[in-house]
Amino acid sequence: MPECPELHLAGRFINEACRALVFAGGVERSPVGRGPEVPFRCEAYSISAIARGKELRLTLSALDPAAGPPPQDLVFRFGMSGSFRLCPAAELPRHAHLRFLTRESPPRALCFVDPRRFGSWRLGDAWQAERGPCVISEYQAFRENVLKNLDDRAFDKPICEALLNQKYFNGIGNYLRAEILYRHWKCQKRGFRLVCNPLRLKIPPFEKARTVLEALKEQEMRKKDPSLTLSKKVKLRQENPDLLELCHTVPKEVITAELLDPEHTDNYAAFKNWLQCYLVPGMSSLRDRSGRTIWFQGEPGPMAPKGQRPRKTPRTKSPQVKADPEAPSPKVTPRASKQRRRAAVKPLKSEVKEEEKEEEADGPRKGRARGRKKVTADPALPEVPLSVRRSRRTSARRGKGAAPAV
């Protein structure tokens, strides 16, 4: 699901791509779009965007305010797969549910594309009332909102579940919470050698949220110590970032490096290399009480769901080269076909070893010992002479009937 870095990168893309463009006409909506019709029509207007947490607001403004309609605001939620694209109007992508056409010739279209149709938009400039300050653009307000409301029942939950509460952590989603908790553990573990206090203890994902966040109040008081110089305060922040700071700095890493840039959708490899915990081989995973999977390292914590055992993310295997479907198929000779049949019957040594290891790991099972018993041999049959065996094969190939009985 798109999280705050994706929304902020989408806003940056719209502002940069549409800065010099003039849009005209009405706003086109697909019949299946999850949003209302946009009652805005103008012969010349501009588009600007601003993101806040997991929401993005578009503003349509007439170039001539006196002659045109008043500005129209739209607030978007991207759902699972929403994004914005700028493309030729004659080559609209599939699932383009809202389209803004330029006045140039041939025209282009700024499209809200959403294949899964979980995204939506609404008229007006109001953000959702139940969403708190943005972790990126409103960091101080976000921090104060969390620390002054620690008595809320939302912080009775594990920290991994509280991080998904948009009332306090507007913009944090599944991959960000895994990265924040994992990097918080790394930073605090590195700082453990300097000063020993609860802030430098390892934080499991299923530790109580209030227990984790109340310790930040002590750090807040320490930062206000008048004996600390500005350089010491900056150094203290850099060496010992707390959980709320990482809710701000980790998403900014994605934005600064443009790992999910809407103009370069093929840079997923760079984003995958940036991840340190989420879907990374060797990490453990559990499902929280809302059914979302959290990746982590170490112990899950005292509030881990009962009846679950952490699963290790499997190590990636070496990539296999896929055959080209358009490549001409090689000619199969009788000799090659025999070799293929033999290979199909006889398994590879590596496969045999893997099966043996699996059997050792599984342990004895019912019926396995029975299968190891020696089978009683059938009574010996009289040996057929070589000449008769040859005549049988010859007659069978030529279709002359059965071989003579012995």
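Bear in mind the structure is a predicted one, so any value in this text is a computation, not a measurement. (Residues numbered from 1 in each chain as written. Predicted model: local features only at pLDDT ≥ 70, side-chain atom pairs only at ≥ 80, totals over all residues. Heavy atoms only, no water.)

S.K.: What is the right way to look at the overall build of the chain in this model?
M.R.: Per the secondary structure count, the chain includes 12 helices and 11 strands. Counting all 406 residues of the chain, 40% fall into the buried class. For the chain, the share of sequence-separated contacts (at least 6 apart) that also reach a separation of at least 24 residues comes to 64%. With the model as given, the accessible surface of the chain reaches about 25,700 Å², and the carbon-plus-sulfur share is 53%. (Helix = DSSP H or I, 4+ residues; strand = E, 2+ residues; numbered from the N terminus. Buried < 20%, exposed > 50% of the residue type's maximum accessible area, 1.4 Å probe, protein only. Contact = heavy atoms within 4.5 Å. Areas by Shrake-Rupley, 256 points an atom, 1.4 Å probe, with all protein chains shown as cover.)

S.K.: What am I meant to see in the environment of Arg94 here?
M.R.: Within the secondary structure layout, Arg94 lies in the loop between β5 (83–88) and β6 (96–102). Once the C-alpha coordinates of Arg94 and Pro115 are considered, the two residues, 21 residues apart in sequence, prove to be 7.5 Å apart.

S.K.: How should unusual backbone geometry be read in this particular structure?
M.R.: Trans peptide bonds make up most of the peptide bonds, and negative phi angles are found at most residues other than glycine. Of the consecutive residues Ser105 and Pro106, the connecting peptide bond is found in the cis state with omega at -5°. Among the structural elements, Pro106 can be located in the loop between β6 and β7 (108–113). Positioned with a positive phi, His95 is a non-glycine residue whose angle comes to about 65°. Looking at where His95 falls in the secondary structure, it is placed in the loop between β5 and β6. On the basis of relative accessibility, which here comes to 31%, the residue His95 falls in the partly exposed class. Unusually for a residue other than glycine, Glu258 sits at a positive phi of about 50°. Position of Glu258 among the secondary structure elements: in the loop between α7 (243–257) and α8 (268–274). Relative accessible area serves as the criterion here: at 32%, Glu258 is assigned to the partly exposed category.

S.K.: Help me understand the pattern of salt bridges, please; the structure alone is not making it clear to me.
M.R.: Where side chains of opposite charge bring their charged atoms close, a pairing between them can arise. Under the definition given, this model contains 13 salt bridges. Across the salt bridge formed by Glu55 and Arg122, the nearest N and O atoms sit 2.9 Å from each other. Of the two residues, Glu55 is situated in strand β3 (residues 55–62) and Arg122 in strand β8 (residues 120–123); the sequence distance between them amounts to 67 residues. A salt bridge links Asp156 to Arg210; its shortest N-O distance comes to 2.4 Å. Linking Asp156 in the loop between α2 (139–147) and α3 (159–162) with Arg210 in helix α5 (residues 209–223), this pair joins segments that are 54 residues apart in sequence. Judged by relative accessible area, Asp156 falls into the partly exposed class, the value being 30%. Salt bridges linked by common partners bring Glu179, Arg183 and Glu253 together as one network. (Salt bridge = Lys/Arg side-chain N within 4 Å of Asp/Glu carboxyl O.)

S.K.: Sorry, what's going on with the sheet that holds strand β10 (residues 293–296) here?
M.R.: In a beta sheet, neighbouring strands are held together by backbone hydrogen bonds and run either parallel or antiparallel to one another. Strand order in this open sheet of 3 strands is β10-β9-β11, and the pairing throughout is antiparallel. Both edges of this open sheet fall to β10 and β11 (311–312), since each of them pairs with a single strand only. (Pairing = 2+ DSSP bridges.)

S.K.: Could you clarify how one ought to interpret the packing of aromatic side chains in this entry?
M.R.: Each aromatic ring pair is summarised here by two numbers: the centre-to-centre distance and the angle between the ring planes. Counted by the stated rule, this structure contains 16 aromatic pairs. Ring plane angle 50° and centroid distance 4.9 Å describe the contact between Phe155 and Tyr168, whose orientation is recorded as tilted. Of this pair, Phe155 sits in the loop between α2 and α3 while Tyr168 sits in the loop between α3 and α4 (174–191), and the two are 13 residues apart along the sequence. Residues Phe155 and Tyr168 agree in their burial class; the two are buried. Residues Phe271 and Trp274 carry aromatic rings whose centres are separated by 6.0 Å and whose planes lie at 20° to one another, so their mutual orientation is stacked. With Phe271 and Trp274 both in helix α8 and 3 residues apart, the pair spans about one turn of that helix. (Phe/Tyr/Trp six-rings, centres within 6.5 Å; stacked < 30°, edge-to-face > 60°.)

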